[in-house]
Amino acid sequence: MAFSYLYDHYSAALFGIVSRIVPEEEAAQDILQESFLKIWNHFGSYDPAKGRLFTWMVNIARNMSIDHTRSKAFKSTRKNQSLSDSVNKINRQRSFTQPTDQIGLKTFVQKLKPEYREMIDLLYFGGYTQEEVSKELNLPLGTVKTRTRAALQQLRELLK
Amino acid sequence: MDIQAYISSGIIERYALGICTAAETDELEKLALLHPEINREVNEIRSSLESYAMKHVLSPPEALKENLMKRIRKEPLEEHGKIVSMNTKQNALNAGSGHIHYAAAAATVLLLISAALNFVFYGNWKSSEKNLAVLTEEKRQIAEQLHIQKASYTEAMNDLAVLKNPDMVKMEMKGKEPAPDAQALVYCNFKTNEIFLDVKKLPTPPDSMQYQFWAIVKGKAIDGGMIDLCPLTDTCGIHKMNPVADAHAFAISLEKKGGMPEPKGQIYLAFGI
């Protein structure tokens, strides 16, 4: 079955991303399920001209995860809790429950400049806008913008 | 537009991160179609982000897949009615296009048959045209023959009329010294002075010579005309000669071609002499 193939190939990658954004195990599982249902039901709207299938799937999973964190943050009125704190919390949590298939991440991440990693994590996994990051990290927007580009350039170099 | 400046502006990174505004996204997707270098940049940044994401792979619990599979199977069931109705529509469309395909196939077959028949009919027409030409020619020949037959029939009827005339006197000429077997009949109407000659048998004359007919009136030979023998039968049919009054004897002599005022050559046939 096509769905089984899709799931076997992409579930771990998507679950990794979802878990990065939504630390709670159970919620992350729910989001993964909802993401796959959405992917499955909206498969017809995937346009290969606009990018790879994985990119499309990642965007669905990311958006659902970000929507979840935002609505949850709104509902629980934990607005006072710093967003960067929550990302840091993710990092901390993950470092404790690091699964075996993420071992390669540690060595990789060590090569990436910490401020770059922070930038990528906030923007890519955290669903932050650059303006939000600017406020959050107390950095001028221009700096955030140049740092974003520099971070992705280094990431690209490292992954070459 | 300075493409390099656009690339280094950081918009592609923001696009790959999914934090562009809708307007920026539109512009970038249009530019990516026009400029391959933008497209390449987008793909590279995206794939490095995806590779980074892949480094976070985390296997979800086994139960999750089973649960999802159950839900997937259940959901299409709810939509089964819709699917059927869509299929019906699809079938209707297919049926429609099926008719078109059938019609197209039928039209093609008919065209081929028509072309084949054209070929056959053209061949038939050509041979018909040929046959018609042959038949027309045959008809012409038959008409010509009919004309000849008619002419010879008229001639025969005239001859018969001559012979049947009660005023006509028939005289049998006798073969002389050079050709004792020679035979000829003279018909003479003494009322009208008409003379007919019917040569039955006479030797073929040499090329330079011709038989001449003479009517004898009071011991004097009068030219009755030249005799043209049919080269195949050495006869002349019933031949009308020059009218001569009061003739009491007839003779045929072999003379120089064209004839003589009075007989010089040998007498071949004679009557009353």
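Below you will find a few notes about this structure.

Thresholds applied
Residues numbered from 1 in each chain as written. Chains lettered and ligands numbered in written order. Predicted model: local features only at pLDDT ≥ 70, side-chain atom pairs only at ≥ 80, totals over all residues. Helix = DSSP H or I, 4+ residues; strand = E, 2+ residues; numbered from the N terminus. Buried ≥ 20, exposed ≤ 12 C-beta atoms within 10 Å, placed from the backbone. Contact = placed C-beta atoms within 7 Å. Pairing = 2+ DSSP bridges. Axes fitted to C-alpha atoms, helices over the stretch in contact; angles between N-to-C directions.

**Digging into the overall build of chain A**
Each helix and strand in chain A was counted, giving 8 helices and 0 strands. In chain A, buried positions account for 29% of the 160 residues. A separation threshold of at least 6 residues defines the contact pool for chain A, and within that pool the share at least 24 residues apart is 67%.

**Section: the environment of Val109 of chain A**
All names here are of chain A. Of note, Val109 is situated in helix α5 (residues 103–111). Overall, Val109 belongs to the partly exposed group, with 17 C-beta atoms counted inside 10 Å. Taking the C-alpha atoms as reference points, Val109 and Leu155, separated by 46 residues in sequence, lie 9.7 Å from one another.

**A word on the pairing of strand β2 (residues 183–189) of chain B**
Residue and element names in this part refer to chain B. Note that strand β1 (residues 168–175) and β2 share 6 bridges and pair antiparallel. Residue Met171 lies in a different strand from β2, and its bridge partner there is Val186. Across 7 bridges, the pairing between β2 and strand β3 (residues 194–201) is antiparallel. If you follow Val186 over to β3, its bridge partner there is Leu197. Counting the residues between successive antiparallel strands, the hairpin from β2 to β3 contains 4 residues, one of them, Asn193, with a positive phi of roughly 70 degrees.

**Thoughts on the sheet that holds strand β6 (residues 237–241) of chain B**
Residue and element names in this part refer to chain B. Here 8 strands make up an open sheet; going across it, the order is β5-β4-β7-β8-β1-β2-β3-β6 and the pairing antiparallel. Lying at the two open borders of the sheet, with one neighbouring strand each, are β5 (220–227) and β6. Neighbour to neighbour, the strand axes of the sheet diverge by 25 degrees on average, direction disregarded. Pairing geometry for β1 and strand β8 (residues 267–271), over 2 bridges, is antiparallel. Residue pairing in the sheet places Lys174 in a bridge with Ala270 of β8.

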